[in-house]
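Breakdown of the fold
Each chain, letter by letter, is given below.
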Amino acid sequence: MGVKILNNLCICCSNCIDECPVEAIVDDMDNPVSNEAYYVYEDKCVECVGYNSKPACAMACPSNGCIVWNEEGVHPKRKKNEQVIG
Ligand code: SF4
Ligand code: SF4
């Protein structure tokens, strides 16, 4: 469950971080795996269910294709690394 940020497409603009209702996103300085992109903690992300009709982070992200589903989810059409907002 959740979304992830693709390192090579994140431009560290910070648009997403304040949009997350559950504080699942950290900036590049706090990214545990790379200091070149923002990062989503999978165990915290709730896919905005109960908060927004679509993932707010992806709605706010200006980099096309940067935020994707991190695994096949409950929706049968969802595929790994599919772009959240297209
Ligand atoms: S999908 Fe929603 S809950 Fe998950 S990281 Fe993005 S804004 Fe946060
Ligand atoms: S909005 Fe997109 S490009 Fe900007 S920091 Fe978040 S993931 Fe990176």
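Remember, predicted model here, so these are calculated numbers, not experimental data.

Focus on the overall build of the protein
Within the protein, the secondary structure is distributed over one helix and four strands. Ordered by position in the sequence, the α and β elements of the protein form the string β-β-β-α-β. Relative to its full complement of 86 residues, the protein shows a buried share of 28%. Relative to all contacts within the protein whose residues are 6 or more apart in sequence, the contacts with residues 24 or more apart total 56%.

Notes on the site of ligand 2
Around ligand 2 sit 14 residues, and of these Cys10, Cys13, Asn15, Cys16 and Cys61 come closest. Residues of the shell around ligand 2, tallied by class, amount to eleven nonpolar, three polar and no charged.

Concerning the site of ligand 1
Surrounding ligand 1, one finds 16 residues, the nearest of these being Cys20, Cys45, Cys48, Pro55 and Cys57. Residue classes in the shell around ligand 1 are distributed as 13 nonpolar, one polar and two charged.

Considering the nonpolar core
Of all hydrophobic cores here, the largest spans 19 residues; its most connected members are Val3, Ile5, Ile25, Tyr38, Val40, Cys57 and Ile67. Here this core gets three residues from one element, more than from any other, and that element is strand β4 (residues 67-69). Residues in contact with Tyr38, not counting those within four places in the same chain, are Ile5, Cys10, Cys12, Cys16, Ile17, Ile25, Val26, Asp27, Asp28 and Asn31.

A short note on the environment of Lys4
With respect to the helices and strands, the residue Lys4 is situated in strand β1 (residues 3-5). The exposure class assigned to Lys4 is buried, which follows from the 20 C-beta atoms found within 10 Å. Counting along the chain gives 54 residues from Lys4 to Ala58, while the straight-line C-alpha distance between them is 9.7 Å. If sequence neighbours within four positions are ignored, Lys4 has contacts with Val40, Val68 and Asn70.

Focus on the confidence of the model for the protein
Residues at a pLDDT of 70 or more form 81% of the protein, whose mean pLDDT is 87. Of all the helices and strands in the protein, β4 carries the lowest mean pLDDT, 90, while strand β2 (residues 25-26) carries the highest, 98.

Some thoughts on unusual backbone geometry
Within the chain, Ser14 stands out as a residue other than glycine whose phi angle is a positive 75°. Position of Ser14 relative to the elements: it lies in the loop between β1 and β2. For Cys48, which is not glycine, the phi torsion reads 65° and is therefore positive. Take Cys48: it is sitting in the loop between β3 (39-40) and α1 (56-60). Judged by local crowding, Cys48 falls into the buried class, with 21 C-beta atoms found within 10 Å.

Calculation rules
Residues numbered from 1 in each chain as written. Chains lettered and ligands numbered in written order. Predicted model: local features only at pLDDT ≥ 70, side-chain atom pairs only at ≥ 80, totals over all residues. Helix = DSSP H or I, 4+ residues; strand = E, 2+ residues; numbered from the N terminus. Buried ≥ 20, exposed ≤ 12 C-beta atoms within 10 Å, placed from the backbone. Contact = placed C-beta atoms within 7 Å. Near = placed C-beta within 6 Å. Nonpolar A, V, L, I, M, F, W, Y, C, P; charged D, E, K, R; others polar. Core = buried A, V, L, I, M, F, W, Y, C linked by C-beta atoms within 7 Å. pLDDT = per-residue confidence, 0-100.

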